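A closer look at the structure
Chain by chain, the residues:
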Amino acid sequence: MRIVVLAGGIGGARCLRGLKAAAPDADITVIGNTGDDIHLFGLKVCPDLDTVMYTLGGGIDEEQGWGRADETFQVKSELAAYGVGPEWFGLGDRDVATHIVRTQMLGAGYPLSAVTEALCDRWKPGVRLLPMSDDRVETHVAVELDGQRRAIHFQEYWVRLRASVDAHAVVPVGAEQAKPAPGVLEAIAEADVVLFPPSNPVVSIGTILAVPGIREAIAEAGVPVVGLSPIVGGAPVRGMADKMLAAVGVEATAAAVAEHYGSGLLDGWLVDTADEEAVAGVEAAGIRCRAVPLMMTDAAAAAAMAREALRLAEDVREVRG
């Protein structure tokens, strides 16, 4: 079975770990969000790609879900001593090595897709990890600060401001001019199943879909497309999907997110058992829906969730005949 997964950071990475356990023989291609990428201290940082790589490769800080395990922050302290910022974004000492290698390779002329493949040679995540694009795309958020409307990088909104102010708009800057990375469209065309994990539907999955050609390729692939709700009981499992959804005029409910993706893209949708009352409405919108446990409390729960997604995909396939 060939599975394509569109993934953001923590939720996508943990779902992928469950998927690998649920379908150990599957050929999995991950299309990773690069809209969160940022340049800091002269280094190219790719948070979502690295979270997937570290999680599946066994190097993640399990408690926080991002960054390296057993991390230290001496470099951050030394930079602060020199008065070099920003201090609100901390790169750990182990993590810095990844960014140095990436930046050197990019500077030597290698595209991000080739660099990501080289980094994965060390971590061996057991999936093919592709950036959504080799081109630079940065998600910016329009906010009001000190009485003025301004656009800031998504990382500043989330890490520095902790999403403490309303987001008035979300713009994936550069997405319209970007091209899918090599292998992305081919993987979608050859897939048996496409999955949207419980990643942020606006700044993770939404940013990937904003790259011209990716949404169209998924819609035209003719294979089951199944998503897992990142909203449980009217609130995001973690992160600030509610703030991002509000910025694009979508309610923070499992049903509203399904309708946001739309029946023209999505064939199946899993909601948590806490949102079982949403099933009928989602199905009325033309999307097959099931209520199952979606809280990834441990590895077994994540694997069970992934099995339910694959089961729903098979149901969609059988109905199509």
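Residues numbered from 1 in each chain as written. Predicted model: local features only at pLDDT ≥ 70, side-chain atom pairs only at ≥ 80, totals over all residues. Heavy atoms only, no water.

Observations concerning the packing of helix α2 (residues 47-57) against helix α4 (residues 93-107)
What counts here: Only the stretch in contact is used when a helix axis is fitted, and all axes are lines through C-alpha atoms; the angle between N-to-C directions ranges over 0 to 180 degrees. Going along the chain from the N terminus, every DSSP run of H or I of four or more residues is numbered as a helix, and every run of E of two or more is numbered as a strand. In these notes the angle categories are as follows: under 35 degrees is roughly parallel, over 145 is roughly antiparallel, 65 to 115 is roughly perpendicular, and the rest is oblique. A clockwise turn of the near helix away from the far one marks a right-handed crossing, whereas an anticlockwise turn of less than a right angle marks a left-handed crossing. Should any heavy atoms of two residues lie within 4.5 Å, those residues are counted as being in contact.
The geometry of α2 relative to α4 is characterised by a closest axis approach of 12 Å and an angle of 120 degrees between their N-to-C directions. Judged on the interaxial angle alone, α4 and α2 are oblique. You can see that α2 and α4 cross each other, and the crossing is right-handed. Contacts from Asp50, Met53 and Tyr54 in α2 reach Asp95, Thr98, His99 and Arg102 in α4.

Topic: unusual backbone geometry
Heads up, the rule is: Only protein chains enter the accessibility calculation, which uses a 1.4 Å probe. A residue is then buried if its area is under 20% of the maximum for its type, exposed if over 50%, and partly exposed in between.
Going from glycine 85 to proline 86, the amide bond is cis rather than trans, its omega being 5 degrees. As for its placement among the helices and strands, proline 86 is situated in the loop between α3 (74-81) and α4. Phi at phenylalanine 41 is positive, roughly 55 degrees, even though this residue is not glycine. The topology assignment puts phenylalanine 41 in the loop between β3 (38-40) and β4 (43-45). A residue is classified by how much of its surface remains accessible, and phenylalanine 41, at 31% relative accessible area, is partly exposed. Phi at lysine 124 takes a positive value of approximately 45 degrees, unusual for a residue other than glycine. Residue position: lysine 124 is located in the loop between α5 (112-123) and β5 (128-131).

A short note on the packing of helix α1 (residues 10-22) against α2
Defined as follows: All residues other than Ala, Val, Leu, Ile, Met, Phe, Trp, Tyr, Cys, Pro, Asp, Glu, Lys and Arg, Gly among them, are scored as polar; the first ten of these are nonpolar and the last four charged.
Two numbers describe how α1 lies on α2: the axes approach to 9 Å, and their chain directions differ by 35 degrees. Seen along the crossing, α1 lies across α2 with a hand that is right-handed. Residues Ile10, Ala13, Leu16, Arg17 and Lys20 of α1 lie in contact with α2, whose contacting residues are Thr51, Val52, Thr55 and Leu56. Partitioning the contact of α1 with α2 into residue classes produces 5 nonpolar, 2 polar and 2 charged.

Looking at the pairing of strand β1 (residues 2-7)
The condition that has to hold: Two strands pair under a simple rule: DSSP has to find at least two bridges between them. Call a crossover right-handed when, viewed with both strands pointing away from you, the route from the first strand across the helix to the second goes clockwise.
Within β1, 5 of the 6 residues are buried, which leaves the element mostly enclosed by the surrounding structure. By the bridge criterion, 6 bridges tie β1 to strand β2 (residues 27-32) in an arrangement that is parallel. By the bridge assignment for β2, valine 4 is matched with threonine 29. Following the chain from β1 across α1 to the adjacent parallel β2, one finds a crossover that is right-handed. Here β1 runs beside strand β9 (residues 193-196); their pairing, made up of 3 bridges, is parallel. The residue bridging isoleucine 3 from the neighbouring strand is valine 193, located in β9.

Here's the deal with the pairing of strand β6 (residues 138-145)
For β6, the buried fraction is high: 6 of the 8 residues fall into the buried class. Summarising the sheet, β6 and strand β8 (residues 169-173) pair through 5 bridges and their orientation is antiparallel. Paired with glutamate 138 across the bridge in β8 is valine 173. With 6 bridges connecting them, β6 and strand β7 (residues 148-153) associate as antiparallel partners. Considered in β7, the bridge of alanine 142 is made with alanine 151.

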